[in-house]
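# Overview (structure and organization)
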Amino acid sequence: MSKQELPIAQTASCCTSLQSAPLDEDQATDLAAVFKALGDPVRLRLLSMIAAAQADTGVCVCELTPAFDLSQPTISHHLKLLRQAGLVDSERRGTWVYYWLLPETTDKLAALLSRPASEWSRQPEEVAS
């Protein structure tokens, strides 16, 4: 693993949700980097486009680039950050690079942030009392 890759698989697998136990400092740091990768509108759109593509074939960077008013190197930089965050993976096929979602990472993030539906239905003032 390179220095810049984030160990999200280890971080998020420690707990089923934020309510099960507080995050330690390392976990919070690692997760913050993943959420930072998701915090950019371009990267969020790229992730959405990749997730909507066929998982078995991936999506070519040549299909992603025209959707943005950004240069190809800028798109590649955003894709690199998503890859380093463990959200997508890629493979070179000839002159093009294909990307696909890593659902195990997004599933772990979803589990980390989830809480029982019964708690969502209670209003904050009901919880406090």
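Report follows, based on the coordinates. (Residues numbered from 1 in each chain as written. Predicted model: local features only at pLDDT ≥ 70, side-chain atom pairs only at ≥ 80, totals over all residues. Heavy atoms only, no water.)

### Structural notes on the nonpolar core
- The biggest cluster of nonpolar side chains holds 22 residues, and the ones touching the most others in it are L46, I50, L79, L82, L87 and Y99.
- Among the elements of the structure, helix 2 (25-38), helix 3 (41-52), helix 4 (61-64), helix 5 (72-84), strand 3 (96-101) and helix 6 (103-113) are those that each provide at least two residues to this core.
- Here L46 is in contact with L64, F68, I75, H78, L79 and L82, once residues within four sequence places are set aside. (Core = buried A, V, L, I, M, F, W, Y, C linked by side-chain atoms within 4.5 Å. Buried < 20%, exposed > 50% of the residue type's maximum accessible area, 1.4 Å probe, protein only. Helix = DSSP H or I, 4+ residues; strand = E, 2+ residues; numbered from the N terminus. Contact = heavy atoms within 4.5 Å.)

### With respect to the pairing of strand 2 (residues 88-93)
- With six bridges connecting them, strand 2 and strand 3 associate as antiparallel partners. Bridge pairing links S90 to Y99 in strand 3.
- Between strand 2 and strand 3, which follow one another and run antiparallel, lie two residues, and G94 among them has a positive phi close to 70°. (Pairing = 2+ DSSP bridges.)

### Examining the pattern of salt bridges
- Across all of its chains, the model carries one salt bridge by this definition.
- A salt bridge links E91 to R93; the nearest nitrogen and oxygen atoms lie 2.7 Å apart.
- On the basis of relative accessibility, which here comes to 37%, the residue E91 falls in the partly exposed class.
- Taking relative accessible area as the criterion, R93 reaches 33% and is therefore assigned partly exposed. (Salt bridge = Lys/Arg side-chain N within 4 Å of Asp/Glu carboxyl O.)

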